[in-house]
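Okay, here's what each chain looks like letter by letter:
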Amino acid sequence: MSAPTADASGRLADPRPATFGEVTDRPLDLAAHEAAVADRRAGAVVSFQGVVRDHDHGRAVTSLEYEGHPSAERVLREVAAEIVADPDVYAVAVSHRVGPLAIGDVALVAAVSTAHRAAAFAACARLVDEVKARLPIWKRQVFADGTEEWVNCP
């Protein structure tokens, strides 16, 4: 996002809000997402990383794989655009990983910038919740006992 410019009176112009959304099979970079939402007006940047854990509902998980519908990136960008439409939000960056992931890998990264922390926390939480609710990505978990389970399948 470019730096805001001042108008003739010296006030900062309100630049067009920035959004970034990507579904990728490459590792996700939290710092890049935070940099993407940088804004001189922002007093708060809140970010989130969804990390692959080694358990689910009391069962040991050894690995997982995410599979996305071809519309997944479009839906992700729609969600980001909805969040950045909030007048308190300056910028949004969000990405979801697909393909095989190991324990400790980052599956979801989100970052939001606003003027104040309360708005940033609320917007980032809304972003993550909407992505989880609407993104057509399915998760195949492999358990330590050799069984597997698909999660979020329609």
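On a predicted model such as this, the values are computed, not experimentally measured, just so you know. (Residues numbered from 1 in each chain as written. Predicted model: local features only at pLDDT ≥ 70, side-chain atom pairs only at ≥ 80, totals over all residues. Heavy atoms only, no water.)

S.K.: What is the right way to read the pattern of salt bridges from this model?
M.R.: Within this structure, the stated rule accounts for 12 salt bridges. Linking aspartate 39 and arginine 41 is a salt bridge whose minimum nitrogen-to-oxygen distance equals 2.8 Å. Residue aspartate 39 is classed as buried on the basis of its relative accessible area, which comes to 10%. For arginine 41, a relative accessible area of 19% translates into the label buried. (Salt bridge = Lys/Arg side-chain N within 4 Å of Asp/Glu carboxyl O. Buried < 20%, exposed > 50% of the residue type's maximum accessible area, 1.4 Å probe, protein only.)

S.K.: Is there a simple way to think about the confidence of the model for the protein chain in this case?
M.R.: Close inspection of predicted coordinates is inappropriate for parts of the model with low pLDDT. Mean pLDDT over the protein chain stands at 90; residues scoring 70 or higher make up 88%. Counting contacts from residues 1-14, a segment whose pLDDT is below 50, to residues more than four positions away or on other chains yields 25 contacts. (pLDDT = per-residue confidence, 0-100. Contact = heavy atoms within 4.5 Å.)

S.K.: Before we go on, may I ask you to explain the sheet that holds strand S1 (residues 18-24) in this structure?
M.R.: Strand order in the open sheet formed by 4 strands is S1-S5-S7-S2, with mixed pairing between adjacent strands. For this open sheet the edge positions go to S1 and strand S2 (44-51), each flanked by a neighbour on one side alone. Taking each pair of neighbouring strands and ignoring which way they run, the sheet shows an average axis angle of 5°. The pairing of strand S5 (residues 89-97) with strand S7 (residues 106-114) spans 7 bridges and is antiparallel. Residue pairing in the sheet places alanine 91 in a bridge with serine 113 of S7. Its contacts with the sheet put helix H3 (residues 117-134) on S2, S5 and S7, and the angle it makes with S7 is roughly 145°. (Pairing = 2+ DSSP bridges. Helix = DSSP H or I, 4+ residues; strand = E, 2+ residues; numbered from the N terminus. Axes fitted to C-alpha atoms, helices over the stretch in contact; angles between N-to-C directions.)

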